[in-house]
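Listed below are the residues making up each chain.
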Amino acid sequence: MLEITKLFTMLANAPDQYGYTTTGIPSHIGGISTIYWVIIIGSMLLSWLVSSTLKRRFEEYSQMPIPMTGKEVAEQMLRDNHITDVKVTSVNGHLTDHYNPMDKTVNLSESVYNSNSIAAAAVAAHEVGHAVQHAKAYHWLAMRSKLVPIVQFSSGMVQWVLLAGIIMAAAGGSPWVLLTGIILFGMTTLFAFVTLPVEFDASHRALQWIDRTRLMNYMDHAKAKNALFWAAMTYVVAALSSLAMLLYYIMIFMNSRDRN
Ligand SMILES: [Zn+2]
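Residues numbered from 1 in each chain as written. Predicted model: local features only at pLDDT ≥ 70, side-chain atom pairs only at ≥ 80, totals over all residues.

A.B. asks: Describe the nonpolar core, listing the residues and the values that go with them.
C.D. replies: Grouped together as the largest cluster of nonpolar side chains are 38 residues, with contacts concentrated most on Ala 74, Ala 121, Ala 122, Ala 124, Ala 125 and Val 128. Mapped by element, the contributors of at least two residues to this core are α2 (27–62), α3 (70–80), β3 (105–109), α4 (110–113), α5 (118–135), α8 (176–212) and α9 (221–259). Sequence-distant contacts of Val 128, defined by excluding residues within four places in its chain, comprise Ala 74, Met 77, Leu 78 and Val 106. (Core = buried A, V, L, I, M, F, W, Y, C linked by C-beta atoms within 7 Å. Buried ≥ 20, exposed ≤ 12 C-beta atoms within 10 Å, placed from the backbone. Helix = DSSP H or I, 4+ residues; strand = E, 2+ residues; numbered from the N terminus. Contact = placed C-beta atoms within 7 Å.)

Take a look at the structure:
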């Protein structure tokens with residue numbers, strides 16, 4: 001990713017087909033290059049801010065014990081939602097928790113699976129929230145699942161199509177390869193935005209369930225909500241960064257069309 005970032009910068013700073021360079025960088029391309037760096041650095045700063053806050057909150061809430069492990073929380077919430085065909089398993093790694101709709105498993109990272117803390121309960125309940133969405137055919141989850149193969153297809157080639165498109169546009173060639181790249185990239189942006197209601201809804205279901213159970217005697221609603229809020233913010237930053245990059249590519253496209 002970083003290599004491609006460098007290449008884009010080189011291309012954005014390269015003289016255009018007329019070869020005029022007053023300050024080394026023609027003003028219209030120089031402006032685009034600045035916007036590019038504002039987006040990249042802005043996204044990096046925001047995602048660092050969110051992930052470090054998330055990490056701090058989780059460390060803090062991991063020290064607050066409750067009488068159930070992540071595994072027990074997940075199994076109880078599944079039972080309470082009358083879901084009998086979903087299994088709760090443990091997976092390696094940190095922050096690797098996810099629900100897999102293909103084999104109907106709630107996969108909890110080892111630290112969540114075995115730990116009995118507010119943080120573990122919040123994560124476990126959130127992942128079961130996805131299982132509940134699946135069982136109830138929640139439309140945003142269905143839409144997200146439909147987008148998965150399209151995004152897998154486009155993500156394999158999108159950077160190369162964009163790169164080829166930018167080179168061709170910079171050389172005064174046809175801008176249509178760039179447009180193809182923009183459409184492919186647009187799919188990943190759309191996916192990032194469709195993910196948002198899915199994530200917020202899973203957290204909402206988790207908190208509603210926590211409030212209804214005896215866990216509420218031990219759990220602080222505000223703390224569970226706070227942990228899930230920061231987890232959701234990582235998706236918000238990803239979606240906004242993706243949108244900013246999409247607009248940036250569209251700007252290059254418009255710019256190259258104006259010149260041709
Ligand atoms: Zn989630």
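Once you've had a look at it, read on.
A.B. asks: Can you tell me about the sheet that holds strand β2 (residues 98–100), naming the residues and giving the values?
C.D. replies: Reading across the sheet, the three strands line up as β1-β3-β2 and stay open at both edges, with mixed pairing between neighbours. The open sheet is flanked by β1 (87–91) and β2, the only strands paired with a single partner. Averaged over all pairs of adjacent strands, the angle between strand axes in this sheet comes to 30°, irrespective of strand direction. Alignment of β1 against β3, held across five bridges, turns out to be parallel. Bridge pairing in β3 links Lys 87 to Thr 105. Against the sheet, α5 touches β2 and β3, its axis set at about 160° to β3. (Pairing = 2+ DSSP bridges. Axes fitted to C-alpha atoms, helices over the stretch in contact; angles between N-to-C directions.)

A.B. asks: Residues and numbers for the packing of helix α6 (residues 139–155) against α8, please.
C.D. replies: Taken N-terminus to C-terminus, the directions of α6 and α8 make an angle of 150°; their axes are 9 Å apart at the nearest point. As summarised for this structure, α6 and α8 are arranged roughly antiparallel, according to the angle between their axes. As for the relative orientation of α6 and α8, their crossing is left-handed in sense. Where α6 abuts α8, its residues Trp 140, Leu 141, Met 143, Arg 144, Leu 147, Ile 150, Val 151, Ser 154 and Ser 155 lie against Leu 184, Met 187, Thr 188, Leu 190, Phe 191, Val 194, Thr 195, Pro 197, Val 198 and Asp 201. Counted by class, the contact of α6 with α8 contains 13 nonpolar, four polar and two charged residues. (Parallel < 35°, antiparallel > 145°, perpendicular 65-115°, else oblique. Left-handed = near helix turned anticlockwise from the far one by under 90°. Nonpolar A, V, L, I, M, F, W, Y, C, P; charged D, E, K, R; others polar.)

A.B. asks: Tell me what's going on with unusual backbone geometry, and back it up with residues and numbers.
C.D. replies: Phi is positive for His 82, which is not a glycine, with a value near 60°. Along the polypeptide, His 82 turns up in the loop between α3 and β1. The phi dihedral of Lys 104 falls on the positive side, at around 50°, and the residue is not glycine.

A.B. asks: Which residues make up helix α7 (residues 158–170), and what values go with them?
C.D. replies: An ideal rise of 1.5 Å per residue puts 18 Å on 13 residues; α7 measures up with 18 Å between its terminal C-alpha atoms. Along α7, the positions that sit buried rather than exposed are Val 158, Leu 162, Gly 165, Ile 166 and Ala 169. Buried positions in α7, seen along its axis, are confined to an arc of 95° and lie on one side of it. Among the residues trailing α7, Gly 172 stands out with phi positive, at a value near 80°. (Expected span 1.5 Å × (residues − 1). Arc of directions from axis to C-beta.)

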